Amino acid sequence: MRQEIDGAAFRRMLLSAAASIENNKQKINELNVFPVPDGDTGTNMSMTLGAAAADLRKADGVTLTKAADITASAMLRGARGNSGVILSLLFRGFSKALKGKETGSGKDFADALTGGVEAAYKAVMKPAEGTILTVSRLTADAARELAEENDAIESVLESCIPTAKAALENTVNQNPVLKKAGVVDAGGMGFLVILAGMLASLQGRDVESASSGETKQAADFAALTDEEITFTFDTVFIVRKTGKSIEPFRAYLATIGDSLVIGEDDDAFKVHVHTDIPGAALTEAQKYGTLELAKIENMRTQYEDMAAGRAPQSTDDLDMDEAAESAPAVAAPEKRYGCVSVCAGEGLAHVFRDLGVDGVIEGGQTMNPSTEDILAAINRTPAEIVFVLPNNKNIIMAAEQTIELTDKRVIVIPSKTVPQGITAMLNFDDSLEPEDNIAAMTECLSSVTTMQITYAARDSDFDGYEIHEGDYLGLCNGALLGTNREITALLSAMAEKVAAEGKEFVNIFYGADITEEQADAAAALFAELAPDAEINVLSGGQPIYYYLISAE
């Protein structure tokens, strides 16, 4: 029975926990009740803890205090989504409870959980029962009681896990939505998976990531011999399409190299080829589109480096050098106000830039930016005061964590949708005082009706609707408006709602999977069914959502 842990043991526990949640992230994602393709609780928790694991792997031989500090700092900056932020706050308790300690006992573990729970509850504006907060609080309560009986850390962790399991199972009874769907809370499940991974490490059964044996995306030069290198240059590039067939180009590449792989979608194609004349490949590629990115590496010199016991040089080294040279300096203020916004889609990004946003952070549903991503955009903004528009309810908490991480004054406007963010920018006035801008930008959010059309990621029975995977889903202010196999039926329902509510202005942003002709037809339908409203149609370019519609 392990009595205490040191820095090495804590490091292994966290690496095991990170692997555990990585292996179970999809299972956790599928617990999200609403069947839209944003079931990312497991992914967000995995990426948040993964940020700590990445730093801990570079920190062999650290003390317990240092390991806990590394974990807390990395998770704070790497936190993604509400679940990731809450998880980072829970682990912040370890940094405080283990400060100055060479070893940690069961009581220290209980104190760490308790401190983390208190920090998490303070950060959530309206804590709800039946969530990760409930599971972690009851687990911490049990840990404190158990530590009074037996201070061995392994005993405390092992004995409090049944409490965590019982608390998780009860979440289905505490949340009406979970009860109707018959599932437990996804965040609570993630917390339990992490505890189990930590315990496994304490007991000598460290969890390994199931992805460690997957096919690598980059060449492993250590696996090559000089005889196996037929062509010298490993060449990878991306070309933005112009509509011309690339089959002749594929045939050309086959004549100048080998190991040819071409992947493509509607907009671009990516080439991987081994060749002696990479310049010719790149020149020929420009007949088929716009060259956007290229990476060329000499496999022979890399092999020679390895054979001589040297680390092979790579273009990744250049990336590291550039990152070091352009490490995120804080831009000196050139003006009083600046704004950054989160959105996905080049069209939406253009809209925000036209409205005066200084920086656009790529992200949204299924790809929540981390706290560090948001912080970097804030620090690049040459202003004293920076307004942040998250434009997604699952990004607001991550944005709020930046407030204490920069010397700039950060003001987070709680916009939950892109249309709300656009309206907030329309109400921004750089001649007003900060508090007046906060009031104007926040109060206008409720005036916007946001409607979206996406697809069902899985079968579900939700709110009286029998939903099948692949159905179109219509959402209105986050609630399910309807489901249909025909997208036009949902557009009609939305247009009728606009007319019934007397909305005067409608903006239709069409997504990456909608053609201009389809978007024009949608606008015509709205004009017919809501004749008193002014209809505008713009290319948003957003993924996941076929249409993003605002009505005011």
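Residues numbered from 1 in each chain as written. Predicted model: local features only at pLDDT ≥ 70, side-chain atom pairs only at ≥ 80, totals over all residues. Heavy atoms only, no water.

J.: Could you clarify how one ought to interpret the overall build of the protein chain in this entry?
T.: Along the backbone of the protein chain there are 20 helices and 16 strands. Counting all 552 residues of the protein chain, 50% fall into the buried class. Pairs at least 24 apart in sequence give 70% of the contacts found in the protein chain among residues at least 6 apart. Surface exposure of the protein chain reaches about 25600 Å², of which carbon and sulfur atoms provide 49%. (Helix = DSSP H or I, 4+ residues; strand = E, 2+ residues; numbered from the N terminus. Buried < 20%, exposed > 50% of the residue type's maximum accessible area, 1.4 Å probe, protein only. Contact = heavy atoms within 4.5 Å. Areas by Shrake-Rupley, 256 points an atom, 1.4 Å probe, with all protein chains shown as cover.)

J.: I would appreciate a short explanation of helix α7 (residues 153–174) in the present structure.
T.: One full turn of an α-helix is made of 3.6 residues, so residues set three or four places apart face in the same direction. Between its first and last C-alpha, α7 extends 30 Å over 22 residues, near the 32 Å set by a 1.5 Å rise per residue. Of all the residues in α7, the buried ones are Ile153, Glu154, Ser155, Val156, Leu157, Cys160, Ile161, Ala164, Ala167, Leu168, Thr171 and Val172. Buried residues in α7 make contact with α1 (7–29), α5 (106–123), α6 (132–149), α8 (176–181) and α9 (186–202). (Expected span 1.5 Å × (residues − 1).)

J.: Could you clarify how one ought to interpret the pairing of strand β9 (residues 449–455) in this entry?
T.: Regular strands place their side chains on alternate faces of the sheet. Counting buried residues along β9, 6 of its 7 residues qualify, which places the element largely inside the surrounding structure. For β9 and strand β16 (residues 547–551), the ladder comprises 5 bridges, and the chain directions are antiparallel. By the bridge assignment for β16, isoleucine 453 is matched with tyrosine 547. In this structure, β9 lies alongside strand β12 (residues 472–476), joined through 5 bridges in antiparallel fashion. (Pairing = 2+ DSSP bridges.)

J.: I would appreciate a short explanation of the packing of α7 against α9 in the present structure.
T.: In a pair of packed helices, the angle between the axes and the distance between the axes together describe the arrangement. For the pair α7 and α9, interaxial distance at closest approach is 10 Å and the crossing angle is 160°. Overall, the two elements α7 and α9 adopt an arrangement that is roughly antiparallel. Between α7 and α9 lies a crossing of left-handed hand. Counted together, Ile153, Glu154, Leu157, Glu158, Ile161, Ala164, Lys165 and Leu168 of α7 and Gly188, Met189, Leu192, Leu195, Ala196, Met198, Leu199 and Leu202 of α9 form the full contact between these two elements. Residue composition of the contact of α7 with α9, grouped by class: 12 nonpolar, 1 polar and 3 charged. (Axes fitted to C-alpha atoms, helices over the stretch in contact; angles between N-to-C directions. Parallel < 35°, antiparallel > 145°, perpendicular 65-115°, else oblique. Left-handed = near helix turned anticlockwise from the far one by under 90°. Nonpolar A, V, L, I, M, F, W, Y, C, P; charged D, E, K, R; others polar.)

J.: Quick question: what am I supposed to make of empty space enclosed by the protein here?
T.: One simple way to see leftover space: roll a probe sized like a water molecule over the atoms. On inspection of all chains with the given rule, the structure shows 2 cavities of 30 Å³ or more. Quantified by volume, the largest cavity comes out at close to 50 Å³. Leu90, Phe91, Phe94, Leu113, Phe191, Ile194, Leu195 and Met198 are the residues that line the largest cavity. Among the secondary structure elements, those contributing two or more residues to the lining of the largest cavity are α4 (81–97) and α9. It is α9 that contributes the most residues to the lining of the largest cavity, 4 residues altogether. Residue classes in the lining of the largest cavity are distributed as 8 nonpolar, no polar and no charged. In this structure, the second largest cavity spans a volume of roughly 30 Å³. Lining the second largest cavity are Ile5, Phe94, Leu98, Gly104, Ser105, Asp108, Phe109 and Ile153. (1 Å grid on protein atoms, 1.4 Å probe; cavity = no way out; pocket = protein on both sides within 12 Å on 5 of 7 lines; lining within 4 Å. Points joined across faces, edges and corners; volume = space filled by probe spheres on them.)

J.: Looking at this structure, I do not really get the side chain of serine 155. What am I missing?
T.: In this structure, serine 155 sits in helix α7. We classify serine 155 as buried; its relative accessible area is 11%. At 3.4 Å, the side chain of serine 155 and the side chain of asparagine 150 are in polar contact. When near neighbours in sequence (up to four residues on either side) are disregarded, serine 155 contacts Met1 and Asn150. (Polar contact = N/O pair within 3.5 Å; in protein donor to acceptor, adjacent residues only side chain to side chain.)

J.: Looking at this model, I keep getting lost on a negative patch on the surface. Mind explaining?
T.: On the surface, a cluster of negative charge is made up of Glu4, Glu145, Glu148, Glu149 and Asp151. Counting through the fold element by element, glutamate 148 comes out in helix α6. (Patch = residues over 30% accessible without salt bridge, like charges linked within 9 Å, V, L, I, M, F, W, Y side chains within 5 Å. Salt bridge = Lys/Arg side-chain N within 4 Å of Asp/Glu carboxyl O. Lys, Arg positive; Asp, Glu negative; His and termini not counted. Charge placed at Lys NZ, Arg CZ, Asp CG, Glu CD.)

J.: In this structure, what is going on with unusual backbone geometry? I would like to understand it.
T.: Among all residues save glycine, negative phi is the norm, and among peptide bonds the norm is trans. Of note in the backbone geometry, asparagine 391 takes a positive phi value of approximately 60° without being a glycine. With respect to the secondary-structure elements, asparagine 391 resides in the loop between β7 (383–389) and α16 (396–400). In this structure, asparagine 477 is a non-glycine residue whose phi angle is positive, near 50°. When you line up the elements, asparagine 477 lands in the loop between β12 and β13 (479–484).

J.: Before we go on, may I ask you to explain the sheet that holds strand β6 (residues 359–362) in this structure?
T.: Strand pairing in a sheet takes place through backbone hydrogen bonds and is either antiparallel or parallel in direction. Pairing within the open sheet is parallel, and its 4 strands lie in the order β6-β5-β7-β8. Taken across any chain shown, the strands that pair with only one partner, and hence form the sheet edges, are β6 and β8 (409–412). On average, adjacent strands in this sheet sit at an angle of 20° to one another, irrespective of strand direction. As judged from the 4 bridges shared by strand β5 (residues 335–343) and β6, these two strands associate in the parallel manner. Opposite valine 340, over in β6, you have glycine 359 as the bridge partner.

J.: Which parts of the structure should I look at to understand the nonpolar core?
T.: Side chains of a nonpolar character, in soluble globular proteins, are inclined to be buried together. Formed by 85 residues in total, the largest nonpolar core has its most connected members in Phe109, Leu157 and Met198. Per-element tally for this core: the top contributor is α9, with 10 residues. When near neighbours in sequence (up to four residues on either side) are disregarded, methionine 198 contacts Met13, Leu14, Ala17, Phe91, Phe94, Phe109 and Leu157. Counting 24 residues, the second-largest nonpolar core is a separate cluster that includes Met451, Ile514, Ala519 and Ala533. (Core = buried A, V, L, I, M, F, W, Y, C linked by side-chain atoms within 4.5 Å.)

J.: Please clarify how the packing of aromatic side chains should be interpreted in this entry.
T.: Ring pairs (aromatic) are described by centroid distance and by the angle formed between their planes. One pass over the full model with this rule turns up 11 aromatic pairs. With a centroid separation of 6.3 Å and an interplanar angle of 55°, the aromatic rings of phenylalanine 237 and phenylalanine 249 are classed as tilted. Here phenylalanine 249 lies in helix α10 (residues 247–256) and phenylalanine 237 lies in strand β1 (residues 233–241), a separation of 12 residues in the sequence. Phenylalanine 249 shares its class with phenylalanine 237; the two are buried. Taken together, the aromatic side chains of Phe10, Phe91, Phe94 and Phe109 make up a single cluster linked through ring pairs. (Phe/Tyr/Trp six-rings, centres within 6.5 Å; stacked < 30°, edge-to-face > 60°.)

J.: Help me out: how do you make sense of helix α14 (residues 346–354) in this one?
T.: Those residues of α14 that fall on the buried side of the exposure criterion are Gly347, Leu348, Ala349, Val351 and Phe352. Glycine 356, located one to two residues past α14, shows a positive phi value of around 105°.

J.: Any chance you could explain the pattern of salt bridges here in plain terms?
T.: Once their charged atoms are close, side chains differing in charge can pair, the charge on each being opposite to the other. Counting across every chain of the model gives 16 salt bridges. Between glutamate 129 and arginine 137 there is a salt bridge, with the nearest N and O atoms lying 3.3 Å from each other. A relative accessible area of 36% places glutamate 129 in the partly exposed class. Close ionic contact of glutamate 435 with arginine 409 constitutes a salt bridge, the shortest N to O distance being 3.3 Å. Of this pair, glutamate 435 sits in helix α18 (residues 434–443) while arginine 409 is found in strand β8, placing the two residues 26 residues apart along the sequence. Judged by relative accessible area, which is 48%, glutamate 435 ranks as partly exposed. Given a relative accessible area of 37%, arginine 409 falls into the partly exposed group.

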